[in-house]
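Results of the structural survey
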Amino acid sequence: MTSTRGEYLLKNSISLDYGTKPNSLQNDDTKSCSSLNIESSNGLHYLSSSPFHSHSSQRQSSNKHLANSIIQHRNSHENGFIVNGSFFDEQIFQPARSSYVTDYVNTPHDCNRFLEGHHLSFTSSSNLDVHLYKLAFIITLSDWCVDKELLLGHYPPDDDNKEDKILEALSVYKRFCFPELNSNQRNGGQLITDSATYIFTRTLSNGQVEYGYCRRLSKEYNQMAEYPIVICIVSSHSYFKLYDGILNELIKAYMTSELECSLLMQAFYSKPLPMPNLNSSGVTCVLNDRRLFFYVCPRDDRLNHDYYSTLLSCLSSYQIIYLFESMLRSKRILLFSHYPSKLTKCTLALSLLIYPFIWPYSFVSLMPSSWLNDLLDSPCPYIYGCLRDTMQQIAKTPDSETLIVDLDLCTLDGNLETTYLLPYNLRQILESSLDYVARFRLLRTNFILTNLAVSEAFLSVFTELLYRLPDFFKRNKSSIMEKDQQSSVGPDHFQRRDSGIDLQSLVSMELSQVIPNNEPKAVDNYLGYEFHTDEFLRVQIIPSYVIFLKEFISGMLFMKFLDDYQRNSENTFSLFIHRLNERRQRSNEDLTINPLIRFRQTFDLLEKQMKLSTKPTSPSFSKFLKKIFE
């Protein structure tokens, strides 16, 4: 059974009243959110059983209240705006920049003033890491086959500076640089021509996740190697926009001079990675010709990437929600594409959709072709991002637990479930919200707003289901320090083997360990917290919520979440805690507002506030930068 994006859009498009002909709808993708007459959309009044739709005067007054509910919020911990009762960091409203490099060639005095201000700010800020990245290297091939990689440069240098030792240390990364290489092919297969940044992930033995950011320079643009050149940055931090900007400069430098690229690689490495807080100093690096690289690490992780908007451009709302439900069902998911950038962004977006939960099984954002056969037969759930050329290794008829996602053709194949997992009303609201974002794109070129909209749509599902959770979760702080290394469930379940390197333990895991126990009972754990399951279920007033939660809270995702929530709730779950508290504080009048109307008006207000916050900048951008340090 195959689901295509085109078929879904034709069969399930929502009729909206624009006062224009249908033909104009296809070409006008830049309309403001406020121009959409969502309240008169066919069928939308069936999304909620609240009295909101039965009293037009109440609807009008509620809409008026919502349309003006944007309040600036500042304290010692956070600055931002409260929009329709939801807090958004002020960094969301800063002017978007196409480049993080400012040219001071004509205004050297401004450059000196900025560096002086940055130095003062740097002394008062804390850092996530003493270096901007763990390592960076430049690699190519001496022959078109596996294990023929040729190292062209790296930083930091090895103590002995012996190429054999360095290549051995880089052996865990090199397969990701040329994932199309297959041990069964020699001088065969298709070269990847995608020049955009792609991301691979791998998990160390201590559970720490590493991110590899790679950019490929094809042989047409370099005169130094017969095969493509790959520049790779490895970091423990998920900052796509930062490392993508750095790769832009390294590629430019390498095309000019290998020495210049090596010096720039060293200069970036020497910079610390600041803590993303109100006092963050940002990342600053002086480039050649009085050019300055400057990047402020966002406090909201959703500003670090464009993964959600990429996923939304590849699949329909129905398909994305189906994959979301499949993850909650612990299915096996294989994603395919010719383009590593699209593939890895969509794979990472899928894993992030279930926030505040973490996918506890095997996850490979970019599967090297030579590894795929070893992992396909695993009885455990997994999510693998695979190059399209490897699709021939997949059985023509997938088993009932495996889904095949073709990101290039926008199709989803497999034995698709005919029943929904999510409660029906929540699923309808989620699907309509995503349709709204997908069709009108909010701001066509504003991936920030699209990212936020997709994230909030899925987060609202868990917020609605779990807003009573704090009433039944009792944290024992004294036990965290004593038992932080233990887990209420076997720790092997929770390590994301992103690289797929730990093959033996993955394949040998007993199948019974990954089958959830559907009987609700008290959560037994070693971290000292208590979650009163039965009491939590009894306070649910909607039967469909009880049916979903009864199964969900006994599964691996939820049990892992409780352990993490006990250990580090403030840092990891700050956004989720914000949304829980906001949901708990809503008045009865707030609850009468249709959730889809609230969603639409919230992002309409965000769009307007972004436009108000965007001001023309000077050519040197110095005025805006100076404000950061006031």
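Heads up: the structure comes first, above all this text.
This report concerns the structure included in the present document. Position labels on residues start from 1 in each chain and follow its written sequence. Two thresholds apply to this predicted model, a pLDDT of at least 70 for residue-level local features and 80 or more for giving and counting side-chain atom pairs, whereas whole-chain, interface and lining totals are computed over all residues. Water and hydrogen atoms play no part in the side-chain values, which are based on all heavy atoms of the structure.

1. So, the packing of aromatic side chains
Here a pair means two rings of Phe, Tyr or Trp (six-membered ring of Trp) with centres within 6.5 Å. Their orientation is stacked below 30 degrees between planes, edge-to-face above 60, and tilted elsewhere. Scanning the entire structure with this criterion turns up 35 aromatic pairs. Against the face of Phe88 rests Arg579, its NZ or CZ located 5.0 Å from the ring centre. The ring of Tyr467 is capped by Arg583, whose NZ or CZ atom sits 3.9 Å from the centre of that ring. Lysine and arginine charges are scored as sitting over a ring when NZ or CZ, respectively, is within 6 Å of the ring centre and within 35 degrees of the ring normal.

2. Notes on the packing of helix α9 (residues 307-314) against helix α11 (residues 340-352)
For helices, the axis comes from a line fit to the C-alpha atoms of the stretch in contact; other axes are also lines fit to C-alpha atoms, and the angle between any two N-to-C directions lies between 0 and 180 degrees. To qualify as a helix, a DSSP run of H or I must reach at least 4 residues; to qualify as a strand, a run of E must reach at least 2; elements of each kind are numbered from the N terminus. Look at α9 against α11: their axes get within 8 Å of each other, and the N-to-C directions meet at 105°. One way to sum up the angle between α9 and α11 is to call them roughly perpendicular. Contact residues: α9 offers Tyr307, Tyr308, Thr310, Leu311 and Cys314, while α11 offers Lys342, Lys345, Cys346, Leu348, Ala349, Leu350 and Leu352. If an angle is under 35 degrees, it is roughly parallel; if it is over 145, roughly antiparallel; if it lies from 65 to 115, roughly perpendicular; otherwise it is oblique. For this analysis, residues touch if any pair of their heavy atoms sits within 4.5 Å.

3. So, the nonpolar core
Counting 159 residues, the largest nonpolar core has Tyr133, Phe137, Leu242, Phe293, Leu328, Leu466 and Phe558 as the members making the most contacts within it. At 12 residues, the largest contribution of residues to this core is made by helix α14 (residues 447-466). Non-local contacts of Phe137, meaning those with residues more than four positions away in its chain, are made with Leu151, Gly153, His154, Leu170, Tyr173, Cys177, Val230, Ile231, Cys232 and Val234. As used here, the term nonpolar core means buried Ala, Val, Leu, Ile, Met, Phe, Trp, Tyr and Cys residues forming a set that is joined through side-chain atoms within 4.5 Å. Buried residues are those whose accessible area, probed at 1.4 Å on protein chains only, stays under 20% of the maximum for their type, while exposed residues exceed 50% and partly exposed ones sit between those limits.

4. Topic: the environment of Thr140
Along the polypeptide, Thr140 turns up in strand β7 (residues 135-141). For the pair Thr140 and Arg216, spaced 76 residues apart in sequence, the C-alpha to C-alpha distance is 9.7 Å. Polar contacts here mean pairs of N or O atoms no more than 3.5 Å apart (in protein, one a potential hydrogen donor and the other a potential acceptor; neighbouring residues in sequence count only if both atoms are side-chain atoms). In terms of polar contacts, Thr140 uses its side chain to reach the backbone carbonyl oxygen of Tyr227, at 3.3 Å.

5. Some details on the pairing of strand β14 (residues 291-295)
Here β14 lies mainly inside the structure; 5 of its 5 residues are buried. Here β14 shows no split at all, with Arg291, Phe293 and Tyr295 on one side and Leu292 and Phe294 on the other all buried. If DSSP finds at least two bridges between two strands, the strands pair. Bridging between strand β5 (residues 101-103) and β14 involves 3 bridges; their strand directions are antiparallel. Within β14, the position partnered with Asp103 by the bridge is Arg291. When strand β13 (residues 283-286) meets β14, the two strands line up antiparallel, connected through 4 bridges. Bridge pairing in β14 links Val283 to Tyr295. If you look at the hairpin formed by β13 and β14, you'll find 4 residues sitting between the two strands, and Asp289 has a positive phi there, around 55°.

6. Comments concerning the sheet that holds β14
What holds strands together in a sheet is hydrogen bonding between their backbones, with the strands either parallel or antiparallel. Strand order in the open sheet made by the 3 strands is β5-β14-β13, with antiparallel pairing throughout. In the strand order of this sheet, the two ends are held by β5 and β13, each with one partner. Between one strand axis and the next, the sheet turns by 20° as a mean value, whatever way the strands run. Relative to the sheet, helix α7 (residues 240-256) contacts β5, β13 and β14, its axis offset from that of β14 by approximately 160°.

7. Notes on the pattern of salt bridges
Each salt bridge in this description consists of a side-chain nitrogen of Lys or Arg and a carboxyl oxygen of Asp or Glu lying within 4 Å of one another. Inspection of the entire model under this criterion finds 26 salt bridges. We note a salt bridge from Asp89 to Arg299, for which the minimum N-O separation is 2.9 Å. Here Asp89 is found in strand β4 (residues 86-89), whereas its partner Arg299 is found in the loop between β14 and α9, with 210 residues between them in sequence. When its relative accessible area of 8% is taken as the criterion, Asp89 is described as buried. Note on Arg299: relative accessible area 22%, which makes it partly exposed.

8. Considerations on the packing of α14 against helix α18 (residues 543-552)
It is at 11 Å that the axes of α14 and α18 come closest, and there the two elements cross at 95°. One way to sum up the angle between α14 and α18 is to call them roughly perpendicular. Each of Phe462, Glu464, Leu465 and Leu466 in α14 lies in contact with α18, whose residues at this interface are Tyr545, Phe548, Leu549 and Phe552. Considering only residue class, the contact of α14 with α18 consists of 7 nonpolar, no polar and 1 charged. Residue polarity follows a fixed list, in which Ala, Val, Leu, Ile, Met, Phe, Trp, Tyr, Cys and Pro are nonpolar, Asp, Glu, Lys and Arg are charged, and the others, Gly among them, are polar.

9. Examining the sheet that holds strand β8 (residues 149-155)
An order of β8-β7-β11-β10-β9 is seen for the 5 strands of this open sheet, with the pairing classed as antiparallel. In the strand order of this sheet, the two ends are held by β8 and β9 (198-203), each with one partner. Direction aside, neighbouring strands of the sheet carry axes that sit 25° apart on average. Of the pairings in the sheet, the one linking β7 to β8 comprises 6 bridges and is antiparallel in character. Bridge pairing links Thr140 to Leu150 in β8. Contacting β7, β8, β9, β10 (209-217) and β11 (229-235), α7 crosses the sheet at an angle of about 35° to β10.

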